[in-house]
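Residues per chain, in single letters:
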Amino acid sequence: MTLPKTSIDNVLRILLSLSQYPILSSRIRHQMRKMLYSRGIVRKEAFEEEVKRKAIESQALEGIKDPMAEESNEVWQIRISRVKDSLTDFYFAYNLPYSEFEDLVKKVLAERGTIDADFVWVNPELAPQDLLFEQAEMIENMPDADQQKYEARLQAIIAVLIRTMISDQLKYIKLARQWFTVKDLREINRRKIGGGKIGGKAAGMLLAMRILQKTAPPEIRGRFRLPNSYYLGSDVYYNFMALNDLGGWNGQKYKTEEQMRADYPLLREDFHKGKFPPDVIDSLQGVLEEAGQRPLIVRSSSLLEDNFGTSFAGKYESIFLPNQGPLEDRLSALTDAIAHIYSSVMNPDVLIYRHTKELADYDERIAILIQIVEGEQVGQYYFPHAAGVAFSRNLYRWSPQIKQDEGFLRLVCGLGTRAVDMLADDYPRLVALSHPRLHSSSDVRTIKRYSQQNLDAINIETNTFVTIPVREAINADYGPLRYIAQVEQDGYLAPILSRLHSTERLVLTFDGLLSRTPFPASMRTALKLLETHYGSPVDTEFTVEILNPDEQPDVRITLLQCRPQSHIHESTDVQISADLEAENIIFSSETMVPQGVVKDIEYVLFVPSEGYFSLETQSERTQLERSIGKLNSALKGRVFIAVGPGRWGTSTPDLGVHISYSDIYNSRALVELAGEEVGASPEPSFGTHFFQDLMEASIYPLGVFLDEEATIFKKDFFYGTRNRLNEFITVENPRVVAALKLIAVGDYRPNARMDLIMDANKSRAVAFLHGEAAPPKNREMITGAIPSSLE
């Protein structure tokens, strides 16, 4: 029977009017199909096959060439659902009278008197998201008695929504489903562009804020907020690769390190030429229109990032966008930044990191987090009052009174990049939250020397990211000045009590922020709550805005990131023998000592300061970095430590050994020689992204401060023992050989091994030999100052 066209229109009109009620529409169409099957109009198997065929045809019409790569299962299920609905309407309207459709609708509406009748009991794993959201919201809005009846289903729906929208990491899902409401998930979905998940960085930030909202005291809760954020789903990454024929690069992670590094420049170039689908471009343009000309930061948020045991700290890039000028230019800068971050998925250092974590085979799609930068405009510059990174556990204490479980901060003025990067020529303020005003030194000259000298900001006028001297960015009229700086007067640091005539004697100490505002107490409370509910120590990134600086000061803290804190499982049986003989000690330290033991050390990778600083060109230093990386690979399975001048991993090669995690991950400890003669600072690297890598790999960072009287450094061991470098790798440049030495412990004393014991409670670390007889006592030792032969 064929219906008049007006009847067909009526069927579609009624179903369209019910489209805002997905559950009801689904029940009606479910009954329509049952009627079609029971009347023999179409067999169920034939109907399902036709749905699948037409869904595939619709993909081809949209230009999808490789459905498995270009379309996620989530989008495929939505496509199937829509095709099924369309075919149901078609078959019913052309084969059954309109009166039967009216009767069916009336029957379904009459059944809405009971809660059970309102549910379409579908598998949450396969149901469209709109259906899941409506069911979950219905349960959340029920009276308590009814809600309890459906609590298990609500938890199942929330778990599925978290897994499909946010993260598929099981530890995260187990934790997050206890905190997220359907309203939270709706808001995330509203701000998401494209299919797939929003990734680990976004996931950690959102979860942390939700925990604080539900558990923190009102006065603490009110000080924390999230930045305006938008999420580019992880499926967009694969769509981008498919659209631009970039699939040929997918095998990079299975190539050798040399091949990875050789290919990477061309790979980046190919990614930067890529175009985005029109719907993504439209959505990104909407983000820019909503953000206006406020600066943005484009951040990676990979599926593995900020997870338990694998932080991927600093592996992918974050890009600041000043976001000034015409919309077309701002959109071009935004898409370039996203493509740049996409290419970093194939960065050789990232791929090597994944191999060391046994994650090379994991599907590493990457999402993108786009945020409005926190801060204010000061002249031509844009930056926050303060920013930094916070840890719920203080792994390194510079005074016995510091409490490890009350947390630690690295605090800077300006953008937080200077708090997480290794910058050997500039220094953040280190804050022990148990004693916020306690500096790592009581000497004013030392405090001044190792205070922040430059800040990172966005230059609104030139549309660039800049690093500028603090005194250029901040003048005497800067509102929060008295909270972030002090003034040096007659050898003392004094608070700023009146308007300054000059900023020449300013020293950034943050003492006002730490003593006159609720900032340290708020951070301490928040970190404790997050650690408690994460079931693990955490680290976070944040910005600080100082409110009412001229009256009763308060703070607004913007939470940018939260993840499990990387740490080494501490040894509880650490004991340094009281009768350890001096001739057996190779080196010692009594400042900022971690807790742990490295036993039976066979080799020491040593970079002599005079050899390193004699390298005249960047090419030679790059050769040294590559040689260290090759030696690291060659020593796999051997117990070795690395000793060198200044900071390992610094971004300033003039002040330390510029290597990455991929060059040193087999080492058991990185020993940093500090002092005037080696040009190294006493400010440790902990809290930086490089430090997070060391913690995850159980590599102990240890500073040996050669200027300190109690320090022991046995020169004869390091300089008088033969170099076995060329037995493991080939290094042809004699200048590089002079800057890299491999010492076999057994060459210094036959059949001996070295142990490194670090006792954080007593703030003492000792590396000593054991086995076979001690050498003659005339072996040369450095105690305190460095001898002239090291100059």
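Criteria and cut-off values
- Residues numbered from 1 in each chain as written.
- Predicted model: local features only at pLDDT ≥ 70, side-chain atom pairs only at ≥ 80, totals over all residues.
- Heavy atoms only, no water.
- Axes fitted to C-alpha atoms, helices over the stretch in contact; angles between N-to-C directions.
- Helix = DSSP H or I, 4+ residues; strand = E, 2+ residues; numbered from the N terminus.
- Parallel < 35°, antiparallel > 145°, perpendicular 65-115°, else oblique.
- Contact = heavy atoms within 4.5 Å.
- Nonpolar A, V, L, I, M, F, W, Y, C, P; charged D, E, K, R; others polar.
- Buried < 20%, exposed > 50% of the residue type's maximum accessible area, 1.4 Å probe, protein only.
- Pairing = 2+ DSSP bridges.
- Core = buried A, V, L, I, M, F, W, Y, C linked by side-chain atoms within 4.5 Å.
- Phe/Tyr/Trp six-rings, centres within 6.5 Å; stacked < 30°, edge-to-face > 60°.
- Lys NZ or Arg CZ within 6 Å of the ring centre and 35° of its normal.
- Left-handed = near helix turned anticlockwise from the far one by under 90°.
- Salt bridge = Lys/Arg side-chain N within 4 Å of Asp/Glu carboxyl O.

**Q** Give a detailed account of the packing of helix H12 (residues 200–215) against helix H24 (residues 519–534), specifying residues and quantitative values.
**A** Axis separation between H12 and H24 bottoms out at 10 Å; the angle between their running directions is 105°. Between H12 and H24, the crossing angle belongs to the class labelled roughly perpendicular. Residues Gly-204, Leu-207, Ala-208, Ile-211, Leu-212 and Thr-215 of H12 lie in contact with H24, whose contacting residues are Ala-526, Leu-529, Leu-530, His-533 and Tyr-534. Tallied by class, the residues present in the contact of H12 with H24 amount to eight nonpolar, three polar and no charged.

**Q** Could you give an account of the pairing of strand E3 (residues 229–232), with specific residues and numbers?
**A** Going residue by residue along E3, you find Ser-229 and Tyr-231 tucked away on one face and Tyr-230 and Leu-232 tucked away on the opposite face as well. Sheet topology note: the strand E1 (residues 192–193)/E3 ladder contains two bridges and is parallel. Paired with Ile-193 across the strands is Leu-232, a residue of E3. Where E3 meets strand E6 (residues 366–372), four bridges bridge the pair, whose relative direction is antiparallel. Looking at E6, one finds that Ser-229 is bridged to Gln-371.

**Q** Outline the nonpolar core, listing residues and values.
**A** Core analysis: the largest hydrophobic core is formed by 84 residues, its most contacted members being Ile-166, Phe-383, Ile-474, Leu-513 and Phe-519. Considering each element in turn, this core owes the most residues, nine residues, to H12. Apart from residues no more than four positions distant in its own chain, Ile-166 is found in contact with Leu-161, Tyr-172, Phe-180, Leu-185, Ile-188, Lys-197, Ile-198, Gly-199 and Ala-203. Within the second largest apolar cluster, 37 residues are counted, among which are Leu-284, Val-287, Leu-321 and Leu-334.

**Q** I'd like a rundown of the sheet that holds strand E15 (residues 492–494), residues and numbers included.
**A** Strands belonging to one sheet form pairs held by backbone hydrogen bonds; the direction of such a pair is parallel or antiparallel. On the basis of which strands lie adjacent, the open sheet formed by three strands has the order E15-E14-E16 and antiparallel pairing. Edge positions in the sheet fall to E15 and strand E16 (506–508), since each has one partner strand and no second. Across the sheet, the axes of successive neighbouring strands diverge by a mean angle of 45°, strand direction being ignored. For strand E14 (residues 485–489) and E15, the ladder comprises three bridges, and the chain directions are antiparallel. In the sheet register, Glu-488 faces E15, and the bridge partner there is Leu-493.

**Q** Report on the sheet that holds strand E4 (residues 296–302), specifying residues and quantitative values.
**A** Ordered by their spatial adjacency, five strands build an open sheet running E1-E3-E6-E4-E5, and the pairing between neighbours is mixed. Each edge of the open sheet is held by one strand with a lone partner, namely E1 and strand E5 (318–321).

**Q** Report on the packing of aromatic side chains, specifying residues and quantitative values.
**A** Per the counting criterion, the structure on display carries 24 aromatic pairs. In textbook terms, an aromatic cluster arises when at least three aromatic residues are bridged by ring pairs, as seen for Phe-587, Phe-606, Phe-713, Phe-717, Phe-718, Tyr-719 and Tyr-748. Seen from the ring of Tyr-230, Arg-191 lies directly overhead, with NZ or CZ sitting 5.0 Å from the centre. Just above the ring of Tyr-612 sits the side chain of Arg-621; from NZ or CZ to the centre is 5.1 Å.

**Q** Hey, could you go over the environment of Ala-738 for me, with residue numbers and the actual values?
**A** Tracing the chain through its elements places Ala-738 in the loop between helix H29 (734–737) and strand E26 (741–744). On the accessibility criterion, Ala-738 (47% relative accessible area) is partly exposed. For the pair Ala-738 and Glu-610, spaced 128 residues apart in the sequence, the C-alpha separation amounts to 8.7 Å.

**Q** Break down the side chain of Gln-59 for me, with residues and values.
**A** Here Gln-59 is to be found in helix H3 (residues 44–61). The exposure class of Gln-59 is buried, given its relative accessible area of 3%. In this structure, Gln-59 is in contact with Ile-64, Pro-67, Glu-71, Trp-76 and Arg-79, ignoring residues within four places of it in sequence.

**Q** Break down the packing of helix H7 (residues 129–140) against helix H11 (residues 182–190) for me, citing the residues and quoting the values.
**A** It is at 10 Å that the axes of H7 and H11 come closest, and there the two elements cross at 150°. It follows that H7 is roughly antiparallel to H11 by the angle criterion. Note on packing geometry: the crossing formed by H7 with H11 is left-handed. Facing Gln-129, Phe-133, Glu-134, Ala-136, Glu-137 and Glu-140 of H7, the residues of H11 in contact are Val-182, Lys-183, Leu-185, Arg-186 and Asn-189. A breakdown of the residues in the contact of H7 with H11 according to their chemical character gives four nonpolar, two polar and five charged.

**Q** Provide a residue-level description of the pattern of salt bridges, including the pertinent values.
**A** Taken as a whole and judged by the stated rule, the model has 33 salt bridges. Put simply, Glu-187 and Arg-191 hold a salt bridge, and the shortest N to O gap is 2.9 Å. A residue is classified by how much of its surface remains accessible, and Glu-187, at 35% relative accessible area, is partly exposed. By relative accessible area, Arg-191 is classed as buried at 17%. The salt bridge involving Arg-505 is made with Glu-488; its shortest N-O contact spans 3.9 Å.

**Q** An account of the environment of Ile-743 is requested, with residue identities and associated values reported.
**A** Mapped onto the elements, Ile-743 comes out in strand E26. Accessibility expressed as a relative area gives 0% for Ile-743, which makes it buried. Each residue touching Ile-743, except ones within four places of it in the same chain, is listed here: Glu-602, Tyr-603, Val-604, Phe-606, Phe-717, Phe-718, Thr-721 and Arg-722.

**Q** How would you sum up the pairing of strand E21 (residues 603–606)? Please name residues and give values.
**A** Side chains Tyr-603 and Leu-605 project from E21 onto one buried face, and the interleaved Val-604 and Phe-606 project onto a second face that is buried too. Judged from the four bridges that link them, E21 and strand E22 (residues 640–645) form a sheet pairing that is parallel. The residue bridging Val-604 from the neighbouring strand is Ile-641, located in E22. Relative to E26, E21 is paired through four bridges, and the arrangement is antiparallel. The residue bridging Leu-605 from the neighbouring strand is Leu-742, located in E26.

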